[in-house]
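Geometric and topological summary
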Amino acid sequence: MTDGKDVRAVLYKRIGISLLAVAIAVSLTACGFLSIPSAVQELLSSGRRFPPLRRRLSMPGTMPEKFGNLRAAYGLMMMHPGKKLLFMGQDFAQTAEWNEAKSLDWHLLEKYPEHQQLNHYYCDLLHFYQNEPALYELDDSPEGFAWINGSDAEHNMLTFCRMTKDKKNCLLCHFNFSPVAYENFQSGVLCPGTYTEVFNSNAAEYGGTGLVNPEPIEAVKESWDFKDYSIKYHLGAYGVCIFKFDYVEPEPEPEKLPTKKYTREDIHHLAGHYKKIK
């Protein structure tokens, strides 16, 4: 284990070297061997503060992909259990870092339709959360949440269900965090019944491509995602699809009777009794 005195000695040595380098640079500048760029000299002489470094639009992808990615992130936040938090300006995708010295960039809402559409999307998300008991009735209970697929790293997706107390108007939530769109994508479901899409971030009014599911979908008896039933639907790139359904207990499969007629000798043989019955 390193001794505390050794650590302090190394730290003091590094600080000393740094101060020495600064002192040498100042001395060389004063003697005229080093020159300060004119732009820096002007800024220093004016007495103004250095402008903060800002990272604008650091999210990867094209502009439509950036907004689609943001819609997917907001959709996951609102559908997942837990309390919600959004900072000022994020509800209309402010591109600049928040600055306490000035107002928000409200001009983005007036000038660019993409920011208007995202703001409209987030407003609808808030109303959707308020109107769907599945998103808050059992928010702190395991009975209010059920995984469908939480390990689909190949497609970069998440699928889960939010449940209500009476098992009515439950929500199947699917999130596609990839730039790939799918037609007839298959997903497992908890039970048979009708699945009706009630929210889709890929709607044209939100800036999406309009690849949605306007018709109700009936679950079929086809195993998928380790579930006995599944559905197929359209899924847009960076899309959030929310389906409403009523949970019903799947009917248990009838017990299959053996087709072969076993003799007494067969039964004793299967049970480990190898002595034949006379």
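Okay, so let's go over this structure. This one's a predicted model, so the numbers in the text were calculated from it and none came from an experiment. (Residues numbered from 1 in each chain as written. Predicted model: local features only at pLDDT ≥ 70, side-chain atom pairs only at ≥ 80, totals over all residues. Heavy atoms only, no water.)

1. Regarding the packing of aromatic side chains
Note the threshold: Classification of ring pairs uses Phe, Tyr and Trp, with its six-membered ring standing for Trp, and accepts pairs whose centres are within 6.5 Å; under 30 degrees between planes counts as stacked, over 60 as edge-to-face, and the remaining range as tilted. In this description a helix means any DSSP run of H or I spanning at least four residues, a strand means any run of E spanning at least two, and both kinds are numbered starting from the N terminus. Exposure categories follow from relative accessible area, calculated using a 1.4 Å probe and restricted to protein chains: below 20% of the type maximum is buried, above 50% is exposed, and the middle band is partly exposed. A ring has a charge above it when a Lys NZ or an Arg CZ is no more than 6 Å from the ring centre and no more than 35 degrees off the ring normal.
Applying the stated criterion across every chain, the model contains 15 aromatic pairs. Both rings, one in Phe128 and one in Phe199, keep their centres 5.2 Å apart while their planes meet at 40 degrees; by these two values the pair is tilted. Of this pair, Phe128 sits in helix α5 (residues 113-131) while Phe199 sits in strand β5 (residues 194-200), and the two are 71 residues apart along the sequence. Ring geometry for Tyr129 and Tyr136: centres 6.1 Å apart, planes at 55 degrees, overall tilted. Looking at Tyr129, the relative accessible area reads 19%, which means it is buried. Ring-pair connections join several aromatic residues into one group, and the members of that group are Phe145, Trp147, Phe160, Phe175 and Phe177. Seen from the ring of Tyr247, Lys167 lies directly overhead, with NZ or CZ sitting 6.0 Å from the centre. One cation-aromatic arrangement involves Lys221 over Tyr229; the distance from NZ or CZ to the ring centre is 5.6 Å.

2. Examining the layout of surface pockets
The following threshold applies: Detection works on a 1 Å grid of protein atoms alone, calling trapped sets that fit a 1.4 Å probe cavities and calling open sets with protein on both sides within 12 Å along at least five of seven lines pockets, with lining residues defined by an atom within 4 Å of a point. Grid points are joined across faces, edges and corners, and a volume is the space filled by probe spheres set on the points. Each residue receives one of three labels: charged for Asp, Glu, Lys and Arg, nonpolar for Ala, Val, Leu, Ile, Met, Phe, Trp, Tyr, Cys and Pro, and polar for the others, Gly being one of them.
Here the second largest pocket defines a volume of roughly 160 Å³. As for the second largest pocket, its lining consists of 14 residues, and the residues nearest its centre are Pro64, Arg71, Asn202, Thr209 and Ala237. By residue class, the composition of the lining of the second largest pocket is six nonpolar, six polar and two charged.

3. Overview of the environment of His107
Note on placement: His107 falls in helix α4 (residues 107-111). Through-space distance from the C-alpha of His107 to that of Gln94 is 9.8 Å; in sequence the pair is 13 residues apart.

4. Here we look at the sheet that holds strand β1 (residues 145-152)
Across a sheet, strands are paired by hydrogen bonds formed along the backbone, either parallel or antiparallel in direction. Basically, it comes down to this: Pairing between strands requires that DSSP locate at least two bridges from one strand to the other. Pairs of residues are marked as contacts when any of their non-hydrogen atoms sit within 4.5 Å. Axis angles are defined between N-to-C directions and span 0 to 180 degrees, where every axis is a line fitted to C-alpha atoms and, for a helix, only to the segment in contact.
The strand order across the open sheet formed by six strands is β1-β2-β3-β8-β5-β6, and the pairing between neighbours is antiparallel. The open sheet has two edge strands, β1 and β6 (217-218), and neither has a second partner. Here β5 pairs with strand β8 (residues 240-245) via four bridges, running antiparallel. In the sheet register, Glu197 faces β8, and the bridge partner there is Phe243. Contacts between helix α3 (residues 63-79) and the sheet are confined to β2 (157-162), β3 (170-176) and β8, with β3 contributing the most and set at about 150 degrees to the helix.

5. Topic: α3
To keep things clear, this is the line we draw: Multiplying 1.5 Å by the helix residue count minus one yields the expected span of that helix.
Between its first and last C-alpha atoms α3 spans 24 Å; for 17 residues at 1.5 Å apiece the expected length is 24 Å, and the two agree. When α3 is considered as a whole, its buried residues turn out to be Lys66, Phe67, Gly68, Leu70, Arg71, Ala72, Tyr74, Gly75, Met78 and Met79. For α3, the elements touching its buried residues are α5, β2, β3 and β8.

6. Focus on the pattern of salt bridges
Counted only if it meets this: Counted as salt bridges are all cases of a side-chain nitrogen of Lys or Arg within 4 Å of a carboxyl oxygen of Asp or Glu.
In this structure the tally under the stated criterion is four salt bridges. With a shortest N-O distance of 3.8 Å, Lys83 and Asp139 are connected by a salt bridge. Pair noted here: Lys83 is in the loop between α3 and α4 and Asp139 is in the loop between α5 and β1, with a separation of 56 residues, a long-range link. A salt bridge links Asp105 to Lys102; its shortest N-O distance comes to 3.8 Å. For Asp105, a relative accessible area of 10% gives the class buried.

7. A short note on the state of the cysteines
Note on terminology: disulfide describes a covalent bond linking the sulfur atoms of two cysteines. Rules: A pair of sulfur atoms, both from cysteines and within 2.5 Å, is called a disulfide here.
Inspection of every chain in the model, using the stated rule, returns zero disulfides. Here Cys173 is not cross-linked by a disulfide; its sulfur's nearest cysteine counterpart is in Cys161, at 7.1 Å. Taking the relative accessible area as the measure of exposure, Cys173 reaches 0% and is therefore buried.

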